[in-house]
Amino acid sequence: MPQRPVTRTASFDDLDARTFHDLLRLRIDVFVVEQACPYPELDGRDVEPGTRHLWLDDGGTPLAYLRILADPGGVARIGRVVVARRARGGGHAGRLVAAALELVGDHPCALEAQSHLVDFYARHGFAVSGPDYLEDGIPHTPMRREGIDQGR
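Everything numeric here is computed off the predicted structure, so don't read it as measured data. (Residues numbered from 1 in each chain as written. Predicted model: local features only at pLDDT ≥ 70, side-chain atom pairs only at ≥ 80, totals over all residues. Heavy atoms only, no water.)

J.: Where do I start with helix α1 (residues 17–34) in this structure?
T.: Each turn of an α-helix holds 3.6 residues, which means side chains three or four residues apart point in the same direction. Given a rise of 1.5 Å per residue, 18 residues ought to cover 26 Å, and the 24 Å separating the end C-alpha atoms of α1 matches this to within 8%. Every buried residue belonging to α1 is among Phe20, Asp22, Leu23, Leu24, Leu26, Arg27, Val30 and Phe31, and all of these are buried. Turning to α1, the residues buried within the fold contact β2 (52–58), β3 (61–71) and β4 (75–83). At the N-terminal end of α1, a side-chain oxygen is found 3.1 Å from the backbone nitrogen of Arg18, two or three residues along, and the residue is Asp16. Looking one or two residues beyond α1, the residue adopting positive phi is Ala36, at roughly 50°. (Helix = DSSP H or I, 4+ residues; strand = E, 2+ residues; numbered from the N terminus. Expected span 1.5 Å × (residues − 1). Buried < 20%, exposed > 50% of the residue type's maximum accessible area, 1.4 Å probe, protein only. Contact = heavy atoms within 4.5 Å. Polar contact = N/O pair within 3.5 Å; in protein donor to acceptor, adjacent residues only side chain to side chain.)

J.: Looking at this structure, I do not really get the side chain of His92. What am I missing?
T.: Structurally, His92 is set in helix α2 (residues 92–104). Ignoring sequence-local partners within four residues, the contact set of His92 consists of Pro5, Leu56, Leu63, Ala64, Val83 and Ala87.

J.: Just checking my understanding: could you explain the nonpolar core for this structure?
T.: Buried together is how nonpolar side chains tend to be arranged in soluble globular proteins. Judged by nonpolar contacts, the single largest core of 24 residues is most densely connected at Leu66, Ile68, Ile78, Tyr121 and Phe126. Those elements giving two or more residues to this core turn out to be β2, β3, β4, α2, β5 (109–114) and α3 (118–122). Looking at which element gives the most residues to this core, the answer is α2, with 6 residues. If we skip the residues at most four places from it in the chain, Ile78 touches Leu66, Arg67, Ile68, Ala100, Leu101, Cys109, Ala110, Leu111 and Phe126. In this structure, Ala10, Leu23, Leu24 and Leu26 belong to the second largest nonpolar core, which totals 12 residues. (Core = buried A, V, L, I, M, F, W, Y, C linked by side-chain atoms within 4.5 Å.)

J.: What am I meant to see in the confidence of the model for the chain here?
T.: Should pLDDT be low for a region, the predicted coordinates there are not to be read in detail. Residues with a pLDDT of 70 or more make up 95% of the chain, whose mean pLDDT is 92. Confidence scores differ between elements of the chain, with strand β7 (residues 133–135) showing the lowest mean pLDDT of 93 and strand β6 (residues 127–128) the highest of 98. (pLDDT = per-residue confidence, 0-100.)

J.: When you look at the environment of Val33 in this model, what are you seeing that I'm missing?
T.: By secondary structure assignment, the location of Val33 is in helix α1. By relative accessible area, which is 57% here, Val33 ends up exposed. A sequence separation of 70 residues divides Val33 from Leu103, and the C-alpha atoms of the two residues are 30 Å apart.

What follows is the structure in structure tokens.
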């Protein structure tokens, strides 16, 4: 029976070069190549002290990834949510978003969802917070989850 992937969390300073390479490769494979969106994937935010990288590790290979940024005003921002093509449909994105929200705790949290994923994020407590817009030809919707007591 295959083992369940392990959830990993690290700041940039705690990532080794190989892991960071593999995480970037996953992001580029999906966002730049598969979705055909040439954009500057390295935006400088990966290295910020408040950024946390979360991923599901399957024997040294990342299956899914997201990052949490520390935006001004105590708002956490989830971004770069990605699942490897071969691992889609396994609940990995939901597992990572739940882990991210556990780290965020009661603080407000924002994200820019690809519009077809609004219902997915709504199941995690996010609500639409602005009008849809196009980014790199893909419809996006801003969403926010206010600081809440998660009853834990």
